[in-house]
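Structural overview
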Amino acid sequence: MHVMLLFPPNWTPAMPHLALPTLTAFLRGHGLRVTQRDLNIEVFEAILTRRYIERMLDRLRREYGPHGERRSTRRVAPPRDLVVQALRSGPATAARVERAKKVLRNPAFFDGPVGRDALMTVVDALQIASLPFFPAALEFGTYRPARTADSTRAILSEVRDPQINMLIAIFARGVLADIERERPDVVGISIPSMAQMVPGLTIAALIKDRGLPCHVTVGGPHITMLRERLARSPDIFSLIDSAVVFDGEVPLVQLCEALAGSGDLSRVPNLIYRDGNAIRVTARKEPEKIGALPLPDFDGLPLDRYLAPHLTLPLLSARGCYFGKCAFCNVGYGEAENFSLMRSEMLAEQMVALHRRYGAQHIFFADEALTPRTLRELSMIVQRDSIPVLWGGCARFEKTLTADLLQQMYRGGCRMILFGLESASEAIMNRMVKGTKLDHMHRILRESAEAGIWNHTFFFFGFPGETLDDAQQTVNFLYDHRAHIHSAALGTFLLERDAPAHRFPESFGITKVIDPPDKDLAIYFDYEVAEGMDAAMAELVESRFLETMPVKPFPQFYINDVYRFLYACHLSHQGTPLPPLLVPQDVVAA
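What this report covers is the structure whose coordinates are included nearby. (Residues numbered from 1 in each chain as written. Predicted model: local features only at pLDDT ≥ 70, side-chain atom pairs only at ≥ 80, totals over all residues. Heavy atoms only, no water.)

Here we look at the pattern of salt bridges
If you walk through the whole model with that rule in mind, you get 39 salt bridges. Arg28 is paired through a salt bridge with Asp297; the nearest N and O atoms lie 2.9 Å apart. Of this pair, Arg28 sits in helix 1 (residues 19-29) while Asp297 sits in the loop between strand 9 (278-281) and strand 10 (312-315), and the two are 269 residues apart along the sequence. By relative accessible area, which is 29% here, Arg28 ends up partly exposed. By relative accessible area, Asp297 is classed as buried at 9%. Note that Lys101 and Glu45 form a salt bridge whose closest N and O atoms lie 3.1 Å from each other. (Salt bridge = Lys/Arg side-chain N within 4 Å of Asp/Glu carboxyl O. Helix = DSSP H or I, 4+ residues; strand = E, 2+ residues; numbered from the N terminus. Buried < 20%, exposed > 50% of the residue type's maximum accessible area, 1.4 Å probe, protein only.)

Next comes the structure, spelled out in structure tokens:
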């Protein structure tokens, strides 16, 4: 049996996602023939060429005139100034775009002005490529559908509308032709995020419309979050045959076995499937322990095509979150959390194997949070065995992260830690059940920076009950530690499906959850609170904070986690101090 696994846009083009390599390793280990395709990087490759950008410019000229002077007949047209600018600067962008890709793929990326110009060229090219399909847009960090990805009706319309869906033509010329030629028995489409919903189902629609006989199944975290809604959304099953929820390794193997045999899917676990006019839901199985899974298999992915100066591969040290209580987080997707941890020796062996097999010298751990035990043991093993790999990942502000441990982590290859700060108001930290303490946060940021580790922080404004004074405490904390924080991702509170705040809103001061019936596939919800800032005020606080932040002369180093991580590794290798985020930076080449 032949299984083709597809990963649709949009995900960072700097690193492969771990979903397909994990499934591929397991399926191949059970004797299945597997082809894995990272359509995300394939789409970036297809678009970021001189020929493609020039074709899109020609399309803009036909519709808007040579200089953008003609009024469009489209129901929703892009702002005229964007069209005029694209037509004016587009030929130069098209001429530079392939060179820009090459810069992002080699150490010239770290030359401040050179890397910045390359990134800006790519960003401009993506905007030009998207304008003919406005308001849909493929951006460096996300895909924005023209309508919405949380409505069955909107999705069914957009996946078949070539006027607003740029991916239809790209997929038809590429992966669809390959599916038609290779005739896989099963096509599995991974949809980890909401941004991938329309792209992923676009592929499914093309397969169904072409009448190809393969079984189309979808899976991933986003599908798992929607499991109850999908079971009540039969129209989505005009595009797909089944959906795998939660962990997919064993269900996919059993799905293939069932399809190769009697065709009875009722005993395949974790499955939602179409049975005539009915939608069936099977029982959930216990998730596989991470230590029982094979090394992720990246064979078949174009590892030399990712837009990064050094190959970076993802790994997991655990499944689930060892804390798993934060009120804003939906880890576990509303069901009892099953945490499993890999032995540190085995984890180190996987790092060595990826280095030997693919030449990877940089590993990014995709865990919710690395445990203090893993941080300690892994760094000691890496140092002891002289493993030539640098690494980074997320961690919590735990008391056990001592100065000695942080220094050991640096000696053992750690170059970046991403900390979930969230808030520096103790009242809000307690309200969101964060489980961290301010005094530990103060100390760890300072000692981590002193050890030479790049500190990245996540924080947001607007958790239910947060006041302006609480928000100011967070801002004060950040500026108190401006010498110790090197990058940040900030935003406003999102009420996410299956998070404790969504499941038990009254417990967190939410008086109303707004769930419009036309958004039947929503995972984020508007809400009303009993006290504190509302969503609009939180967004205002965020925008005002952003206005105070120093402008970074070389934004390419901060645009995603992979680039931050590689920049931290580069500066460490050069012996250059890490630049603080909130301190104005001189315009000098890195």
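Overview of the environment of Met1
Within the secondary structure layout, Met1 lies in the segment before strand 1 (2-7). Measuring from C-alpha to C-alpha, the distance between Met1 and Leu390 comes to 38 Å, with 389 residues separating the pair along the chain. Setting aside residues no more than four positions away along its own chain, Met1 makes contact with Leu32, Arg33, Asp185, Val186, Cys256, Leu259 and Ala260. (Contact = heavy atoms within 4.5 Å.)

Observations concerning the pairing of strand 17 (residues 487-492)
If a strand is regular, its side chains alternate between the two faces of the sheet. In this structure, strand 16 (residues 454-461) lies alongside strand 17, joined through 6 bridges in parallel fashion. Looking at strand 17, one finds that Phe460 is bridged to Gly491. (Pairing = 2+ DSSP bridges.)

Some remarks on the sheet that holds strand 10
Ordered in space as 10-13-14-15-16-17, the 6 strands form an open sheet in which the pairing is parallel. Only two strands of the sheet have a single neighbouring strand rather than two, namely strand 10 and strand 17. Across the sheet, the mean angle separating the axes of adjacent strands is 15 degrees when strand polarity is ignored. In this sheet, strand 15 (residues 414-422) lies alongside strand 14 (residues 390-395) in parallel orientation, the contact comprising 5 bridges. Across the sheet, the residue bridging to Trp391 is Cys414, located in strand 15. Lying over the sheet, helix 13 (residues 344-358) contacts strand 10, strand 13 (362-365) and strand 14, oriented at roughly 150 degrees with respect to strand 10. (Axes fitted to C-alpha atoms, helices over the stretch in contact; angles between N-to-C directions.)

Overview of the nonpolar core
Ranked by internal contacts, the top residues of the largest apolar core, which has 158 residues, are Ile47, Leu201 and Trp391. In terms of nonpolar packing, the next biggest core, distinct from the first, is built from 22 residues, Val3, Leu5, Leu32 and Ala258 among them. (Core = buried A, V, L, I, M, F, W, Y, C linked by side-chain atoms within 4.5 Å.)

Brief notes about empty space enclosed by the protein
For the structure shown, the criterion picks out 2 cavities of 30 Å³ or more. Taken as a whole, the largest cavity holds about 40 Å³ of empty space. Forming the walls of the largest cavity are Phe7, Pro16, His17, Leu20, Pro21, Asp38 and Leu301. Here the lining of the largest cavity is built from residues that sort into 5 nonpolar, 1 polar and 1 charged. Counted as a void, the second largest cavity has a volume near 30 Å³. Around the second largest cavity sit Phe459, Leu478, Ile485, Ala488, Phe545, Met549, Leu581 and Leu582, which together line it. Residues of the lining of the second largest cavity, tallied by class, amount to 8 nonpolar, no polar and no charged. (1 Å grid on protein atoms, 1.4 Å probe; cavity = no way out; pocket = protein on both sides within 12 Å on 5 of 7 lines; lining within 4 Å. Points joined across faces, edges and corners; volume = space filled by probe spheres on them. Nonpolar A, V, L, I, M, F, W, Y, C, P; charged D, E, K, R; others polar.)

A look at the packing of helix 14 (residues 372-384) against helix 15 (residues 403-411)
In the contact formed by helix 14 and helix 15, the axes pass within 8 Å of each other and the chain directions differ by 45 degrees. Put simply, helix 14 runs oblique to helix 15. The two elements helix 14 and helix 15 meet at a crossing, and its hand is left-handed. Where helix 14 approaches helix 15, its residues Pro372, Leu375, Arg376, Ser379, Met380 and Gln383 are matched on the opposing element by Leu405, Gln408, Met409 and Arg411. Split by residue class, the contact of helix 14 with helix 15 holds 5 nonpolar, 3 polar and 2 charged. (Parallel < 35°, antiparallel > 145°, perpendicular 65-115°, else oblique. Left-handed = near helix turned anticlockwise from the far one by under 90°.)

Focus on helix 13
Given a rise of 1.5 Å per residue, 15 residues ought to cover 21 Å, and the 21 Å separating the end C-alpha atoms of helix 13 matches this to within 8%. Every buried residue of helix 13 is accounted for by Ser344, Met346, Leu347, Ala348, Gln350, Met351, Leu354 and Tyr358. A positive backbone phi angle near 75 degrees is found at Gly359, which sits one or two residues after helix 13. (Expected span 1.5 Å × (residues − 1).)

Comments concerning the packing of aromatic side chains
Summed over the entire model, instances satisfying the criterion amount to 25 aromatic pairs. Residues Phe557 and Tyr567 carry aromatic rings whose centres are separated by 3.7 Å and whose planes lie at 10 degrees to one another, so their mutual orientation is stacked. Of this pair, Phe557 sits in the loop between helix 20 (535-548) and helix 21 (561-574) while Tyr567 sits in helix 21; the two residues are 10 residues apart in sequence, bridging distant segments of the chain. The two residues Phe557 and Tyr567 agree in class, both being buried. Over the face of the ring belonging to Phe246 we find Arg284, whose NZ or CZ atom lies 3.7 Å from the ring centre. Here the basic side chain of Arg415 rests over the ring of Tyr410, its NZ or CZ set 3.7 Å away from the ring centre. (Phe/Tyr/Trp six-rings, centres within 6.5 Å; stacked < 30°, edge-to-face > 60°. Lys NZ or Arg CZ within 6 Å of the ring centre and 35° of its normal.)

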